[in-house]
Amino acid sequence: MPVSQRERTVSWRDGRIRLIDQTRLPQEVVWLEIADEATLAEAIRRLQVRGAPAIGAAAAFGLALAANASPATTLEALRADLAAAAARLRVTRPTAVNLFWAIDRVLAVEASTVAELRAAVLAEAERIAQEDIAACQAIGRYGAALLPAAASILTHCNAGALATVDYGTALGVVRAGWEQGKVRHVFVDETRPLLQGARLTAWELAADGIPLTLITDSMAGYFFQCGAIDAVVVGADRIAANGDVANKIGTYTLAVLAREHGIPFYVAAPTSTIDLNTPSGAAIPIEERDPNEVTTIAGQRVAPAGVPAANPAFDVTPARYLSAIITETGVLRPPFPAGLAEAVARARRKDQT
Ligand code: MRU
């Protein structure tokens, strides 16, 4: 579906944040109208809005809600209320750096009156959202150029329109490749425990008429052995300065499989996901979620009562497994450190023009 026909995953309407409730998909398409920042924080925690760039944009609009709700009559008081709201939003999810990046960007806006600051916060949130759409489209163009003809792509989790403001990162590459006639098929990992692949990626691809096969995560190796995969394309939640990548749990396994089978492994992410302050993957905080998400599927218990379960939500793929990182500034090849720093600098320069 072209961008113009799909409603943005995150938008601002009549003083509220409008979000598609991703916990209800694919059974129901439910739009949330969020009027206060505490409800937004809970929506982020519960994964009603999820995916690194979407979380960032939603948090930015959350600060606009906080600015509007604040009774402050002085700039100092409004800045203090925004800082308090930012602190509450920062603790919702630890791994996706876009959350912190977007909050810091909004807090840095300049204004000389209370009214100006309220307007500037909302304008910055909207700029973040618009830039994300443009970044995903550029990622799609750069990424599609890397694909062979009639490509069969494996993807993990959901790095699609739902995980961004629109179009997607990994699915941006798939969409652009499909539009250019280069993508033949997509293998979609179901992505246990929360099934973002089965519920969300399959939903998005089916809506766009892109041929897909849903597989369980443990089938990936089999399909590599069958020669069914030409490229792996995934998103990222945080890219450390050395190129190590945190993404949905199970990504590392695919990277090792891709290396074993000589298949390119691409990470598609905007520069807002690059964290130059984190030197390597070892320093990336990995979210630990409720073990009940593992012992149940869609609310049904699938394990004996009381068995211990682990639930790290992300893993780190070492930079040496990556064939390239596709950003809105272009395609980065190893060694990554200089390229990542240059990509961030280039994106910042563009921001200022
Ligand atoms: O826990 P989630 O669903 O927020 O995890 C999302 C992912 O891991 C995505 O791959 C990542 O955020 C990139 S989204 C463009």
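Residues numbered from 1 in each chain as written. Predicted model: local features only at pLDDT ≥ 70, side-chain atom pairs only at ≥ 80, totals over all residues. Heavy atoms only, no water.

## Things to note about the site of the ligand
For the ligand, the set of nearby residues contains 17 residues, the closest of which are R50, R93, D237, N247 and K248. At a separation of 2.9 Å, an oxygen atom of the ligand approaches a polar backbone atom of A52. Relative to its free-state accessible area of 420 Å², the ligand is covered by the protein chains to the extent of 100%. Within the residue set of the shell around the ligand, elements represented by two or more residues are α2 (52-69) and β9 (245-248). Split into classes, the residues belonging to the shell around the ligand amount to seven nonpolar, six polar and four charged. Among the domains, domain 1 (3-136) and domain 2 (142-352) are the pair contributing at least three residues each to the shell around the ligand. (Near = heavy atom within 4 Å. Polar contact = N/O pair within 3.5 Å; in protein donor to acceptor, adjacent residues only side chain to side chain. Areas by Shrake-Rupley, 256 points an atom, 1.4 Å probe, with all protein chains shown as cover. Helix = DSSP H or I, 4+ residues; strand = E, 2+ residues; numbered from the N terminus. Nonpolar A, V, L, I, M, F, W, Y, C, P; charged D, E, K, R; others polar. Domains from an automatic or database assignment.)

## Re the domain arrangement of the protein
Taken domain by domain, the protein holds domain 1 (3-136) and domain 2 (142-352). If you average the C-alpha positions of domain 1 and of domain 2, the two centres end up 24 Å apart. Tallying the contact residues gives 34 residues for domain 1 and 36 residues for domain 2. Taken together, both faces of the contact between domain 1 and domain 2 bury some 2,900 Å²; the carbon and sulfur share is 55%. Among the salt bridges present, the one from R6 reaches D166, with a minimum N-O distance of 2.6 Å. (Contact = heavy atoms within 4.5 Å. Buried area = accessible area lost by both parts, 1.4 Å probe. Salt bridge = Lys/Arg side-chain N within 4 Å of Asp/Glu carboxyl O.)

## Description of the sheet that holds strand β16 (residues 330-332)
Adjacent strands of a sheet pair through backbone hydrogen bonds, lying either parallel or antiparallel. Taken in spatial order, the seven strands of this open sheet run β6-β5-β4-β7-β10-β15-β16, and their pairing is mixed. The open sheet is flanked by β6 (212-215) and β16, the only strands paired with a single partner. Looking at each pair of strands side by side, their axes are set apart by 25 degrees on average, direction ignored. Across the face of the sheet, helix α5 (residues 114-144) comes into contact with β10 (265-268), β15 (324-327) and β16 while running at roughly 140 degrees to β15. Along the sheet, helix α9 (residues 251-261) makes contact with β4 (151-155), β5 (183-189), β7 (231-234) and β10, crossing β10 at roughly 145 degrees. (Pairing = 2+ DSSP bridges. Axes fitted to C-alpha atoms, helices over the stretch in contact; angles between N-to-C directions.)

## Thoughts on the packing of helix α1 (residues 37-45) against α2
In a packed pair of helices, the relevant descriptors are the angle between the two axes and the axis-to-axis distance. At a closest axis distance of 9 Å, the pairing of α1 and α2 adopts a crossing angle of 165 degrees. With respect to their mutual orientation, α1 and α2 come out roughly antiparallel. At the point where α1 passes α2, the crossing takes the left-handed sense. Touching E37, L40 and I44 of α1 are I55, A58, A59, G62, L65 and A66, all from α2. Class assignment for the residues of the contact of α1 with α2 results in seven nonpolar, one polar and one charged. (Parallel < 35°, antiparallel > 145°, perpendicular 65-115°, else oblique. Left-handed = near helix turned anticlockwise from the far one by under 90°.)

## Remarks on unusual backbone geometry
With an omega of 5 degrees, the peptide bond between L25 and P26 qualifies as cis. Cis geometry is adopted by the peptide bond preceding P193, which originates at R192 and carries an omega value of 5 degrees. Residue position: P193 is located in the loop between β5 and α7 (196-208). Positive phi values are uncommon outside glycine, yet T191 reaches one of about 70 degrees. Residue placement: T191 occurs in the loop between β5 and α7.

## Topic: the side chain of T317
Positionally, T317 belongs in strand β14 (residues 314-317). Setting aside residues up to four positions removed in sequence, T317 forms contacts with D244, V245, T251, Y252, A255, F265 and L322.

## Some details on the pattern of salt bridges
Scanning the entire structure with this criterion turns up 23 salt bridges. Here R8 makes a salt bridge to E126, at a shortest N to O gap of 2.9 Å. Of this pair, R8 sits in the segment before β1 (10-13) while E126 sits in helix α5, and the two are 118 residues apart along the sequence. In this structure, D230 and R184 form a salt bridge, with 4.0 Å as the shortest nitrogen-oxygen distance.

## Things to note about the environment of A159
Examined against the element boundaries, A159 turns out to sit in the loop between β4 and α6 (170-179). Overall, the relative accessible area of 8% leaves A159 in the buried class. Spatially, the C-alpha atom of A159 lies 6.8 Å from that of V234, the residues being 75 residues apart in sequence. Not counting chain neighbours up to four residues away, the residues in contact with A159 comprise G168, T169, A170, L171 and G235. (Buried < 20%, exposed > 50% of the residue type's maximum accessible area, 1.4 Å probe, protein only.)

## Thoughts on the packing of aromatic side chains
Scanning all chains against the criterion turns up four aromatic pairs. Between W12 and F61, the aromatic rings sit 5.9 Å apart at their centres with planes inclined by 20 degrees, giving stacked as the arrangement. Here W12 is found in strand β1, whereas its partner F61 is found in helix α2, with 49 residues between them in sequence. Overall, F61 belongs to the buried group, its relative accessible area being 0%. Between Y222 and F223, the ring centres sit 5.0 Å apart and the planes meet at 90 degrees, which makes this aromatic pair edge-to-face. Among the aromatic side chains, those forming a connected cluster through ring pairs are F187, Y222 and F223. A cation sits over an aromatic face here: K248 above F314, 4.2 Å from the ring centre. (Phe/Tyr/Trp six-rings, centres within 6.5 Å; stacked < 30°, edge-to-face > 60°. Lys NZ or Arg CZ within 6 Å of the ring centre and 35° of its normal.)

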